[in-house]
Amino acid sequence: MRWRNWSGLESSYPDVIVHPGDTGSVVAAVDRARTDGTTLKMVGTGHSFTAIGTPGHTMLRPDRLSGIVAVDRHAMTVTALAGTPLHVLNTALERLGLSLHNMGDIADQTLAGAISTGTHGTGGVAAGLSAQVAGLELVTGTGDVLTATPEGNAEVLDLARVGLGALGVLTTITFRVEPLFLLEAHEQPMTWDGALASFDELASANHHFDMYWFPHTDRVLAKQNNRLDAPLDEAEPLARTRAWFDDELLANRVFGLLCAGSNRAPGVIPRMNRMTSRLLTERQYSDVAHRVFTSPRRVVFKEMEYAVPRAAGLDALREARRAIEASDWRISFPVEVRVAPADDVPLSTACQRDTVYLAFHTHRDAEHTGYFAAMERIMRAHDGRPHWGKLHSLGASELAETYPRFGEFLALRDRLDPDRVFANDHLRRLLGD
Ligand SMILES: Cc1cc2nc3c(=O)[nH]c(=O)nc-3n(C[C@H](O)[C@H](O)[C@H](O)COP(=O)(O)OP(=O)(O)OC[C@H]3O[C@@H](n4cnc5c(N)ncnc54)[C@H](O)[C@@H]3O)c2cc1C
């Protein structure tokens, strides 16, 4: 059977496919791979754009490792099986009156896949998903089952929160949670100058702040999400027709058709961007947090995202705009700008520094290499760190320079996976062997 990732950029034909339903089946599969001298990879839903999750010999699928296994209302933690899709966790948490603190902009990924590549949302005070992990269970490359908490195997917990699939197969993950809360969303068009002039203020005044610049235009869509101190039944979600018109029809169907058409006639893209940026008008609504954080993404794209130090973020963005305007590329997708506070997760892109994320996209069928290479040079000049699940060209030596604790990660990998059961070509490039 062929495995293929969401963007269609990566695929492989694993020899053996296993659907483990418990830790014992994962251990058995790892022992077999180790004895036979083959490789094994647990995949998520394939939402990484890179080959980080490409399986070689044996592929473990996550579908039978789904659901909540424990709720601790005193510690305010929830433990779930590692293959649980985020949207399944969100729905189950909502029924329990609980919520994650923050998340990215979709909820299709598995919990393990999301934390393994450092999936993040936006917010000056709310860090990414990996920083919310309070414990985990891992089957190592030697077939051992490790329970990692702050009290036991703390160094494994520390490093495996962004583990790249290189340290073992995660079987359960414990997240810190909080009582279910409402978010109020305010989306508004701005000019480039207005958005950049108020960026610092908007990023610090709002719990979550995100903006999209439409290349070849002066237009920006700014999104501010703030917690509401109000009972849940006071939510004022968008009317169903407005939500369908904006999020389904405009953002997905019409945008998908426009992108497909403009791939054949890229000259229309500047005009198309002016038009689409005008169609997205101001709106305000509130809802349970996960329904505000996430929305469906049906137009398939390719993406590169870099994390640069917060102080360099706007300079990097201005340079990116100058490079786009000096080129003959025609870019149909907006450039997304997000923020995150410094965290303490060793391989998190926000490790030890306040961060601005700059994300560059093209449609699935559009040429991306020249555009991404040029953006990458700019991001690298600002000590940018690439998202582990998105396209980039860095290898072990460059990564070691930007992550102070990279050597510790390599040493833990040597201990937990000495035979490189979990290796693939992409990981060898990232980690040096
Ligand atoms: C439309 C779209 C929107 C996105 N939005 C965001 C966003 O808002 N913010 C953001 O930061 N990223 C975002 N991403 C990137 C995405 O969150 C990451 O690439 C994430 O890793 C995908 O999770 P997955 O379940 O698909 O994992 P996969 O891509 O399948 O795998 C990722 C890695 O996790 C490992 N893995 C999976 N399961 C296990 C396990 N049980 N044990 C150990 N390792 C495991 C895999 O081996 C692989 O190394 C987006 C991607 C797409 C396509």
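The structure we're discussing is the one just above.
All of these numbers come straight from a predicted model, not from anything done at the bench.

A. Summary view of the sheet that holds strand 3 (residues 16-18). Sheet architecture is open: three strands sit in the order 3-5-4, paired in parallel fashion. With one partner strand each, in any of the chains shown, strand 3 and strand 4 (40-42) form the two edges of the open sheet. Ignoring strand direction, the axes of neighbouring strands in this sheet form an average angle of 20°. Pairing analysis gives three bridges linking strand 3 to strand 5 (residues 58-60), with the strands arranged parallel. Its bridge partner being in strand 5, isoleucine 17 is matched across the sheet by methionine 59. Strand contacts of helix 1 (residues 23-36): strand 3, strand 4 and strand 5, with the helix running at about 150° to strand 4, the strand carrying the most contacts.

B. Summary view of the packing of aromatic side chains. All told, the structure shown has eleven aromatic pairs when counted by the stated rule. Between the aromatic rings of tryptophan 6 and phenylalanine 49, the centroid separation amounts to 6.1 Å while the plane-to-plane angle is 85°, which identifies the pairing as edge-to-face. Note that tryptophan 6 is positioned in the loop between strand 1 (3-4) and strand 2 (11-12) and phenylalanine 49 in the loop between strand 4 and strand 5, a separation of 43 residues in sequence. The class of phenylalanine 49 is buried, set by a relative accessible area of 5%. Here phenylalanine 301 and phenylalanine 333 contribute two aromatic rings whose centre-to-centre distance is 5.7 Å and whose plane-to-plane angle is 55°, an arrangement assigned as tilted. In this pair, phenylalanine 301 is assigned in strand 17 (residues 301-309) and phenylalanine 333 in the loop between helix 10 (313-325) and strand 18 (335-340), connecting sequence segments 32 residues apart. Judged on exposure class, the residue phenylalanine 301 and its partner phenylalanine 333 are both buried. Feature note: the residues Trp6, Phe49, Phe255, Phe301 and Phe333 constitute an aromatic cluster, connected by ring pairs. Of note, arginine 227 hangs over the ring of phenylalanine 181, and the distance from its end group to the ring centre comes to 3.8 Å.

C. Region of interest: the pairing of strand 13 (residues 182-191). Counting buried positions over the ten residues of strand 13 gives seven, a clear majority of the element. Note: strand 13 against strand 15 (residues 219-228), ten bridges, orientation antiparallel. Across the sheet, proline 189 pairs through a bridge with leucine 221, a residue of strand 15. The sheet contact formed by strand 13 and strand 16 (residues 283-288) spans six bridges and is antiparallel. Bridging across to strand 16, leucine 183 finds its partner in aspartate 287.

D. The arrangement of the site of the ligand in detail. Taken together, 35 residues are adjacent to the ligand, and His47, Ser48, Thr110, Thr117 and Leu170 come closest. Serine 48 is positioned such that a nitrogen or oxygen atom in its side chain is 2.7 Å from an oxygen atom of the ligand. For the shell around the ligand, the elements supplying multiple residues, two or more each, are strand 4, helix 3 (111-116) and strand 11 (169-176). The element best represented in the shell around the ligand is helix 3, accounting for four residues. Among the residues forming the shell around the ligand, the class breakdown is twelve nonpolar, 18 polar and five charged.

E. Spotlight on the sheet that holds strand 14 (residues 208-213). Pairing in this open sheet of eight strands is antiparallel, and the strands run 16-13-15-14-18-19-17-20 from one edge to the other. Since the sheet does not close on itself, it has two edges, and those belong to strand 16 and strand 20 (385-386), each with one partner. The pairing of strand 18 with strand 19 (residues 355-363) spans five bridges and is classified as antiparallel. Within the sheet, the bridge partner assigned to alanine 340 lies in strand 19 and is threonine 355. Contacts between helix 10 and the sheet are confined to strand 14, strand 17, strand 18 and strand 19, with strand 19 contributing the most and set at about 25° to the helix.

F. Up close: the packing of helix 10 against helix 11 (residues 369-381). Interhelical geometry of helix 10 versus helix 11 gives an angle of 150° and a closest axis separation of 10 Å. Once helix 10 is placed against helix 11, the crossing between them reads as right-handed. For the pair formed by helix 10 and helix 11, the contact residues are Ala316, Glu319, Ala320, Ala323 and Ile324 on the first element and Tyr371, Met375, Ile378 and Met379 on the second. When the residues that make up the contact of helix 10 with helix 11 are grouped by side-chain class, the tally is eight nonpolar, no polar and one charged.

G. Representation of unusual backbone geometry within the structure. Although it is not a glycine, asparagine 153 sits at a positive phi angle of roughly 55°. Along the chain, the position of asparagine 153 falls in the loop between strand 10 (145-148) and helix 4 (154-160). For asparagine 153, a relative accessible area of 32% puts it in the partly exposed group. Unlike most non-glycine residues, arginine 420 shows phi in positive territory, near 60°.

H. Spotlight on helix 1. Across its 14 residues, helix 1 extends 20 Å between first and last C-alpha, which sits within 8% of the 20 Å expected from 1.5 Å per residue. Where helix 1 is concerned, the buried positions are Thr23, Val26, Val27, Ala29, Val30 and Ala33. Down the axis of helix 1, the smallest arc covering the buried residues is 165°, so these residues share one side. Among the exposed residues of helix 1, those oriented more than 90 degrees off its buried face are Thr35 and Asp36. Elements in contact with the buried residues of helix 1: strand 4, strand 5, strand 9 (133-139), strand 10 and strand 11. Remark: glycine 37 follows helix 1 within two positions and exhibits a positive phi of approximately 70°.

I. Quick peek at the nonpolar core. In this structure, Leu164, Phe360 and Trp388 are the most contacted members of the largest nonpolar core, which totals 97 residues. Tallying contributions element by element places helix 11 first for this core, with six residues. What phenylalanine 360 contacts, discounting residues up to four positions off in sequence, is Lys302, Glu303, Met304, Ala320, Val335, Tyr371, Phe372, Met375 and Met379. Core analysis: the second largest hydrophobic core is formed by 14 residues, Val27, Leu40, Leu60 and Val139 among them.

Reading the values: rules and limits
Residues numbered from 1 in each chain as written. Predicted model: local features only at pLDDT ≥ 70, side-chain atom pairs only at ≥ 80, totals over all residues. Heavy atoms only, no water. Pairing = 2+ DSSP bridges. Helix = DSSP H or I, 4+ residues; strand = E, 2+ residues; numbered from the N terminus. Axes fitted to C-alpha atoms, helices over the stretch in contact; angles between N-to-C directions. Contact = heavy atoms within 4.5 Å. Phe/Tyr/Trp six-rings, centres within 6.5 Å; stacked < 30°, edge-to-face > 60°. Buried < 20%, exposed > 50% of the residue type's maximum accessible area, 1.4 Å probe, protein only. Lys NZ or Arg CZ within 6 Å of the ring centre and 35° of its normal. Near = heavy atom within 4 Å. Polar contact = N/O pair within 3.5 Å; in protein donor to acceptor, adjacent residues only side chain to side chain. Nonpolar A, V, L, I, M, F, W, Y, C, P; charged D, E, K, R; others polar. Left-handed = near helix turned anticlockwise from the far one by under 90°. Expected span 1.5 Å × (residues − 1). Arc of directions from axis to C-beta. Core = buried A, V, L, I, M, F, W, Y, C linked by side-chain atoms within 4.5 Å.

No statement about biological role is implied by the geometric values presented.
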